[in-house]
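# Per-entry structural report
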Amino acid sequence: MNQTPTTPWDPAEHLETEDDVVAYLNAALDDGDLSLIVAALGDVARARRMTAVARETGLARESLYRSLSADGNPEFGTVLKVMRALGLRLQAAGALPSDGS
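A brief structural summary. (Residues numbered from 1 in each chain as written. Predicted model: local features only at pLDDT ≥ 70, side-chain atom pairs only at ≥ 80, totals over all residues. Heavy atoms only, no water.)

## Concerning the overall build of the protein
To be explicit about the condition: For the purposes of this entry, the term helix denotes a DSSP run of H or I that reaches at least four residues, the term strand denotes a run of E that reaches at least two, and both are numbered from the N terminus. Buried means the residue's accessible area, taken with a 1.4 Å probe over protein chains only, is under 20% of the maximum for its type, while exposed means over 50%, and partly exposed covers the values in between. Two residues qualify as a contact provided that any one of their heavy atoms is within 4.5 Å of a heavy atom in the partner residue. To be clear on the numbers: accessible area is Shrake-Rupley with a 1.4 Å probe, and residue cover counts the displayed protein chains and nothing else. In this count, Lys and Arg are taken as positive residues and Asp and Glu as negative ones, while His and the chain termini are left out. In this description, the location of a charge corresponds to atom NZ of lysine, CZ of arginine, CG of aspartate or CD of glutamate.
A tally of helices and strands in the protein yields 5 helices and 0 strands. Oriented by its inertia axes, the alpha-carbon framework of the protein measures out at about 55 × 40 × 25 Å. Looking at the protein as a whole, 30% of its 101 residues qualify as buried. Long-range contacts, defined as pairs at least 24 residues apart, comprise 49% of the intrachain contacts of the protein with a sequence gap of at least 6. By element, 50% of the accessible surface of the protein is carried by carbon and sulfur atoms, the whole surface being about 7400 Å². Computed over 9 positive and 15 negative side-chain charges, the separation of the two mean positions in the protein equals 11 Å.

## A closer look at unusual backbone geometry
Not every positive phi belongs to a glycine, and Arg49 is a case in point at roughly 75 degrees. Checked against the element boundaries, Arg49 lands in the loop between helix H2 (34–47) and helix H3 (50–57). Using a relative accessible area of 58% as the deciding quantity, one classes Arg49 as exposed.

## Here's the deal with the packing of H3 against helix H5 (residues 76–85)
As a reminder, the rule being used: Under this scheme, a helix contributes an axis fitted over its contacting stretch, all axes are lines through C-alpha atoms, and angles between N-to-C directions fall in the 0 to 180 degree range. Small angles under 35 degrees read as roughly parallel and large ones over 145 as roughly antiparallel, with 65 to 115 read as roughly perpendicular and the rest as oblique. In this scheme the handedness of a crossing depends on how the near helix is turned from the far one: anticlockwise by less than a right angle means left-handed, clockwise means right-handed. Polarity classes work like this: nonpolar for Ala, Val, Leu, Ile, Met, Phe, Trp, Tyr, Cys and Pro, charged for Asp, Glu, Lys and Arg, and polar for all others, with Gly in that last group.
Two elements in contact, H3 and H5, have axes separated by 9 Å at closest approach and are oriented at 115 degrees. Classified by the angle between their axes, H3 and H5 sit roughly perpendicular to one another. Regarding H3 and H5, the two cross each other, and that crossing is right-handed. Together, Val53, Glu56 and Thr57 of H3 and Lys81, Val82 and Ala85 of H5 make up the contact between the two elements. Across the contact of H3 with H5, the residue classes tally to 3 nonpolar, 1 polar and 2 charged.

## Quick look at the side chain of Asp10
Which entries qualify depends on this criterion: Polar contacts here mean pairs of N or O atoms no more than 3.5 Å apart (in protein, one a potential hydrogen donor and the other a potential acceptor; neighbouring residues in sequence count only if both atoms are side-chain atoms).
Locating Asp10 in the fold gives a position in the segment before helix H1 (18–31). Of note is the side chain of Asp10, whose polar atom sits 3.1 Å from the backbone nitrogen of Ala12.

## Remarks on the nonpolar core
Cut-off, in case you're wondering: Among buried residues, those of type Ala, Val, Leu, Ile, Met, Phe, Trp, Tyr and Cys that are joined through side-chain atoms within 4.5 Å constitute a nonpolar core.
Formed by 19 residues in total, the largest nonpolar core has its most connected members in Leu25, Leu41, Leu64, Leu68, Val82 and Leu86. Of all the secondary-structure elements, those providing two or more residues to this core are H1, H2, H3 and H5. The element best represented in this core is H2, accounting for 5 residues. Residues in contact with Leu64, not counting those within four places in the same chain, are Met50, Val53, Ala54, Thr57, Leu59, Thr78 and Val82.

Given below as structure tokens:
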């Protein structure tokens, strides 16, 4: 049986526009899984060059890679610094009613 060669899929390679980034992060936030949200933020940081994000936040690049991985657990202050460095902001909105009305 012939095996089809594959390569790992890296979401950071597909986050080309601001709309791509916003949609990607919003999808992760809508899911509500903390590890997914943190990993998505890490993907965006990698797409925007982690070294530049680290310089802008004043945090070590290696520390950001660890914190913004699926296994990471960054402090909220770190998340806010990264969001600011990426030109993004968090915004609160009212929740939709759970009964669909």
